[in-house]
Amino acid sequence: MANVIKLRKGLNIHLKGTAAETKRVVGPCSEYVVRPDSFEGVVPKIVVHEGDRVEVGDALFVDKNYPEVKFASPVSGTVKAVERGERRKILGIKLQADEVQKYHDFGQRNVASLSADEVKNALLEAGLFGFVYQLPYAVSTNPQTTPKAIFVSALRDMPLSGNFEFELQGNEQDFQTGLTALSKLGKTYLGIGKEQKANALLNAKDVEVTIFDGPCPAGNVGVQVNHIAPVNKGEVVWTVDPTFVIFFGRLFNTGKVNLRRIIALGGGAMQSPMYVEALFGTPFSVVLKDALTRQEDVRLINGNPLTGTKSCLDDSVGVKTSEITAIREGAEANEMFGWIMPRTNQFSTSRSYFSWLMGKKEYDLDARVKGGERHIIMSGEYDSVLPMDIYGEFLIKAIITGDIDKMEQLGIYEVSPEDFALAEFVDSSKLELQRIVRQGLNMLRKENA
C-alpha cells in the first residue's frame, strides 16, 4: 500500500483552455534548434562546427566544467549554424535534418543486470545524464555527486499543466525501465496524485510510491522532497522529470536516443487546446501552426502560466517544455471604474471580487500584473500557499539582503524557484519571487564552489 501524505496549504487556479486528451503528431521538419540555456546550471562548450554531420545521439555540446556530461542531438543531419549572443554566449545550435534519420546505436541493455556505474556510464555516453537535476541549487547535476535519494514527481498540478497519465499511454514499459535504471543509482521515490489511477504509476516496481493529497503545488518535486527526505547542507538529492524517465527507458530498451515528447497546448488564446507529440528542438512556429486564435495581444509562454517563460514563435521545444500556453496580454483592456467593479470574471484569493460567489469555474485571465512593485509586506501570504517547512517571507528577505548564513538557516537548500510560483501569484508586493530565489541559489552555488 502506497504511503499517503496530505497537504493543506496551496491553491488550485482553474484557467480556461485545458488541453483536451486528443493528440496531434508533429511530423519531421527541415530545421531544429537546440538551446543550451534550457539546461539550468550548465556552462556549454560546443563540440561541433558548422557543416559537421551528426547522428541522433551524437554530442552537440558538453558541460565545460564536467566535459564527460554530453548533450545529445535530437536529429541526424548537418550543423547549419551556431547562434551566439553577447560575449559569444551560445544561444542555439541549428540543425538541418536528414530526410532519413540515422541513429547512433548504443546497444540494448537489460537494466536489471547492470551496476550503478554501468547505468551512469550509459547515460553519460548517450548524452542524457544532463537531464538529471539536483537539490540544492535546482540545476543540472554532475556525475561526481552521490545522491541521498532520487525523486520523480508524476503529478503535474500547475494551471494548464499537461496530464502525465495521458503522456504515459504507450510508454509504460519505457517508464518502468527508466525507474529501474534510476533505482540502481540510489533509493528512488515516485510521487503521484490521489486522482491518478494508471497501473504503471500505482504499481511501479523498484521505487517507493507516495501519494500526495492536496492542492497545487503538491506536484512540485521540491515539496515532495521536503516531506520525505529534506535536504541538509552537504547533502544532494537528484530530481528527474517523468518524461526524462521515459527517455532513459527508451535508451536501454532500444539502444537509441529518442527525445520525442507529449506537449500540452493550452490557454484562452489557443484555438483548440490539445496535446501534440513533437521532437526536442522543434520550432514553435511548426508546433503552433494554425493553433492560435490570433497573433496580436497574445502572451506565448514556454511552460505553464506560473513557472513558464515568456516566449515567441522563433523559440523551440526545450528540455522543460511540457506545456506551451497562450493567454491574452491584456494591454488593450479598459475596465470602467477599475477595481471597484464586482469583477465576476476575475480570480481573487482574498475575495476582493465577487467571483468567489460563482463557485468553481474556469477563468480566462490575461498577463497583467494589476499593480506595481512595492515594499515587501509581512502578511503571511507566502506561507498560506507554501506547503513546506520553511518561512518563505523571511527567506526572501534574507536573499534580497544577501545574508548567506540566514539563507542557509531558513532552508534555501531545499527550494527551487518553482516552489515560490504560487507565492508570487498571491504576493501583494508584486515581487518577482522566482527570479529572487534563482539569484539566491546562484549566489550560494558560487559561494560554495
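Treat the numbers as computed from the prediction; the structure is a model and nothing was measured.

Topic: the overall build of the protein chain
Along the protein chain, the regular secondary structure elements total 12 helices and 20 strands. Expected size for 449 residues packed as a compact globule is a radius of gyration near 22 Å; at 22 Å, the protein chain falls within 12% of this value. Across its three principal axes, the protein chain shows a C-alpha extent of roughly 65 × 50 × 45 Å. Contacts spanning at least 24 positions in sequence make up 68% of the contacts within the protein chain whose residues lie at least 6 apart. Element-wise, carbon and sulfur atoms account for 48% of the exposed surface of the protein chain, whose accessible area totals about 20,500 Å². Separation between the mean location of the 52 positive side-chain charges and that of the 57 negative ones in the protein chain comes to 1 Å.

Looking at the domain arrangement of the protein chain
By a widespread convention, an interface's size corresponds to the accessible area lost as its parts come together. Under the domain assignment used here, the protein chain contains domain 1 (1–27 + 114–330), domain 2 (28–97) and domain 3 (382–448). A straight line from the C-alpha centre of domain 2 to that of domain 3 covers 32 Å.

Some words on the UniProt feature "domain: NqrA second alpha/beta" (unreviewed entry) in the protein chain
Here, UniProt's "domain: NqrA second alpha/beta" (unreviewed entry) annotation points to residues 114–257. Between the C-alpha atoms that bound residues 114–257 there is a distance of 19 Å. The span itself is 38% helix and 18% strand.

Quick word on the pairing of strand 15 (residues 237–240)
Residues of strand 15 alternate between two faces, with Val237 and Thr239 on one and Trp238 and Val240 on the opposite face, all of them buried. As paired elements, strand 10 (residues 133–135) and strand 15 share 3 bridges and run antiparallel to each other. Looking at the pairing, Leu135 lines up with Val237 of strand 15. Alignment of strand 12 (residues 149–153) against strand 15, held across 4 bridges, turns out to be parallel.

Here we look at the UniProt feature "domain: NqrA N-terminal barrel-sandwich hybrid" (unreviewed entry) in the protein chain
Using the residue numbers shown here, the UniProt feature "domain: NqrA N-terminal barrel-sandwich hybrid" (unreviewed entry) corresponds to residues 5–98. Secondary structure across residues 5–98 comprises 0% helix and 45% strand; the distance between its end C-alpha atoms is 49 Å.

Considerations on the environment of Ala122
Note on placement: Ala122 falls in helix 1 (residues 116–125). C-alpha separation for the pair Ala122 and Ser38, spaced 84 residues apart in sequence, amounts to 22 Å. The contacts of Ala122, once residues within four sequence positions are left out, are Arg109, Leu251 and Phe252.

Considering the packing of aromatic side chains
Under the definition given, this model contains 14 aromatic pairs. Here Phe131 and Phe247 contribute two aromatic rings whose centre-to-centre distance is 6.0 Å and whose plane-to-plane angle is 90 degrees, an arrangement assigned as edge-to-face. Pair noted here: Phe131 is in the loop between helix 1 and strand 10 and Phe247 is in helix 6 (residues 242–254), with a separation of 116 residues, a long-range link. Each member of the pair, Phe131 as well as Phe247, is classed as buried. Feature note: the residues Phe39, Phe61, Phe71, Phe131, Phe244, Phe247 and Phe280 constitute an aromatic cluster, connected by ring pairs.

Reading the values: the criteria
Residues numbered from 1 in each chain as written. Predicted model: local features only at pLDDT ≥ 70, side-chain atom pairs only at ≥ 80, totals over all residues. Heavy atoms only, no water. Helix = DSSP H or I, 4+ residues; strand = E, 2+ residues; numbered from the N terminus. Rg over C-alpha atoms; globule rule 2.2 N^0.38 Å. Contact = heavy atoms within 4.5 Å. Areas by Shrake-Rupley, 256 points an atom, 1.4 Å probe, with all protein chains shown as cover. Lys, Arg positive; Asp, Glu negative; His and termini not counted. Charge placed at Lys NZ, Arg CZ, Asp CG, Glu CD. Domains from an automatic or database assignment. UniProt positions renumbered as here; feature names shortened; annotations may be inferred. Buried < 20%, exposed > 50% of the residue type's maximum accessible area, 1.4 Å probe, protein only. Pairing = 2+ DSSP bridges. Phe/Tyr/Trp six-rings, centres within 6.5 Å; stacked < 30°, edge-to-face > 60°.

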